[in-house]
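Architecture and fold: a report
Residue-level listing of the chains:
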Amino acid sequence: MKQIKTLLIAAVMFLAANEMSAQTKSAHIDVNDLLSKMPEMTSAKAQLDKLSKTLDTEYSTMVTEYQTKMKKYEGEAEKSTPAINETRAKEMQDMGQRIQQFRDGATKQLQEKEVEIVKPIMDKAKAAIQKVGKAKGYQYVMDSASLILADGQDLMVDVKKELGF
């Protein structure tokens, strides 16, 4: 009798789980692939590349100047007085710190600019994914980049159409 009761409970739970999974609709989309194909992302990437090159050029100029001075001061060190050498060492240390601060600031500036430029594009993509997902009756839309198995509906074509490309 106990076994029958256990089997009956297991069968009810199995049927309930089956019913729940049959009612849940899910789809997937590769968000990174979508973002990379959006025309706005090409423009954003160009802006970020331009800023990055500007900052890299300025950084390289500072490093070259530092290296040139260092060679000059090392070459003149034997002929210079200890006071001059100490002043030059302090100057080089300060210059090294400025270069480090510039590098840190440039990295932060580039990251902030990336967030500023890319966030609206990501928001637009997310809104389109949500709109298409809801219109097609999906309760869940997952990023296929993190899925192990993605046999469900791929919304890429529909979302691209929603975004106009």
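Everything discussed here concerns the structure shown above.
Here goes a summary of the coordinates provided. (Residues numbered from 1 in each chain as written. Predicted model: local features only at pLDDT ≥ 70, side-chain atom pairs only at ≥ 80, totals over all residues. Heavy atoms only, no water.)

1. Here we look at the overall build of the protein
Quick reminder of the rule: Strands are runs of DSSP state E lasting at least two residues, helices are runs of H or I lasting at least four, and both sets are numbered from the N terminus onward. The rule is simple: take the accessible area with a 1.4 Å probe, protein chains only, and divide by the maximum for that residue type; under 20% is buried, over 50% is exposed, in between is partly exposed. Two residues qualify as a contact provided that any one of their heavy atoms is within 4.5 Å of a heavy atom in the partner residue. Surface accessibility follows the Shrake-Rupley procedure with a 1.4 Å probe radius. Residue values consider only the protein chains on display as shielding.
Along the protein, the regular secondary structure elements total 5 helices and 3 strands. Reading the helices (α) and strands (β) of the protein from amino to carboxyl end gives α-β-α-α-α-β-β-α. Taken over 165 residues, the protein has a buried fraction of 21%. In the protein, once contacts between residues fewer than 6 apart in sequence are set aside, the share between residues at least 24 apart is 84%. Accessible surface for the protein amounts to roughly 12200 Å². Of this, 58% is attributable to carbon and sulfur atoms.

2. Brief notes about the packing of helix α4 (residues 82-135) against helix α5 (residues 156-163)
Convention followed: Between N-to-C directions, angles cover 0 to 180 degrees, with each direction set by a line fitted to C-alpha atoms, over the stretch in contact for helices. By the definition adopted for this analysis, an angle is roughly parallel if under 35 degrees, roughly antiparallel if over 145, roughly perpendicular if from 65 to 115, and oblique otherwise. When the near helix sits turned anticlockwise from the far one by under a right angle, the crossing is termed left-handed; a clockwise turn instead gives a right-handed crossing. Polarity classes work like this: nonpolar for Ala, Val, Leu, Ile, Met, Phe, Trp, Tyr, Cys and Pro, charged for Asp, Glu, Lys and Arg, and polar for all others, with Gly in that last group.
Relative orientation of the contacting elements α4 and α5 amounts to 120°, with a least axis distance of 9 Å. By the angle class used here, α4 and α5 are oblique. At the point where α4 passes α5, the crossing takes the right-handed sense. Between α4 and α5, the residues in contact are Lys 124, Ala 128, Ile 129, Lys 131 and Val 132 and Asp 158, Val 159, Glu 162 and Leu 163, respectively. The class makeup of the residues in the contact of α4 with α5 is 5 nonpolar, no polar and 4 charged.

3. Considering the nonpolar core
Rules: We call a set of buried Ala, Val, Leu, Ile, Met, Phe, Trp, Tyr and Cys residues a nonpolar core when their side-chain atoms join them within 4.5 Å.
In terms of nonpolar packing, the biggest core is built from 20 residues, with Leu 34, Met 38, Met 41 and Val 159 touching the most fellow members. Not counting the four nearest positions on each side in its chain, Val 159 is found in contact with Ile 29, Leu 34, Ala 128, Ile 129 and Val 132.

4. Observations concerning helix α3 (residues 39-76)
Counted only if it meets this: Each helix should span, by expectation, one fewer than its residue count multiplied by 1.5 Å.
Taking 1.5 Å of rise per residue, 38 residues should cover 56 Å, and α3 covers 56 Å from first to last C-alpha, within 8% of that figure. Along α3, the residues classified as buried are Met 41, Ala 44, Leu 48, Leu 51, Leu 55, Val 63 and Tyr 73.

5. Considerations on the pattern of salt bridges
In plain terms, the rule: A pair is scored as a salt bridge if a Lys or Arg side-chain nitrogen falls within 4 Å of a carboxyl oxygen belonging to Asp or Glu.
Per the stated rule, a full pass over the model turns up 10 salt bridges. Salt-bridge contacts for Lys 45 lead to Asp 49; the nearest nitrogen and oxygen are separated by 3.3 Å. With Lys 45 and Asp 49 both in helix α3, this residue pair falls 4 residues apart, about one helical turn. Judged by its relative accessible area of 34%, Asp 49 falls in the partly exposed class. We note a salt bridge from Arg 88 to Glu 76, for which the minimum N-O separation is 2.8 Å. Placement of Arg 88 in helix α4 and of Glu 76 in helix α3 is noted, with a sequence separation of 12 residues between them.

6. A closer look at α4
For clarity, the threshold we go by: What the bend at a residue measures is the angle between two axes, fitted to the seven residues ending there and to the seven starting there.
Counted at 1.5 Å a residue, the expected span for α4 with its 54 residues is 80 Å, and the 78 Å between its end C-alpha atoms agrees. At Val 118, α4 shows its maximal bend, which comes to roughly 35°, and the proline Pro 120 appears one to four places after that position. Following α4 by one or two positions, Gly 137 adopts a phi angle in the positive range, close to 80°.

7. Observations regarding the sheet that holds strand β2 (residues 140-143)
The condition that has to hold: Strands pair, by our definition, only if DSSP identifies at least two bridges between them.
Taken in spatial order, the 3 strands of this open sheet run β2-β1-β3, and their pairing is parallel. Of all strands in the sheet, those with a lone pairing partner are β2 and β3 (153-154), marking the two edges. Pairing of strand β1 (residues 26-29) with β2, which is carried by 4 bridges, proceeds in the parallel orientation. Its bridge partner lying in β2, Ala 27 is registered against Val 141.

Everything listed here is a matter of geometry and, on its own, says nothing about what the molecule does.
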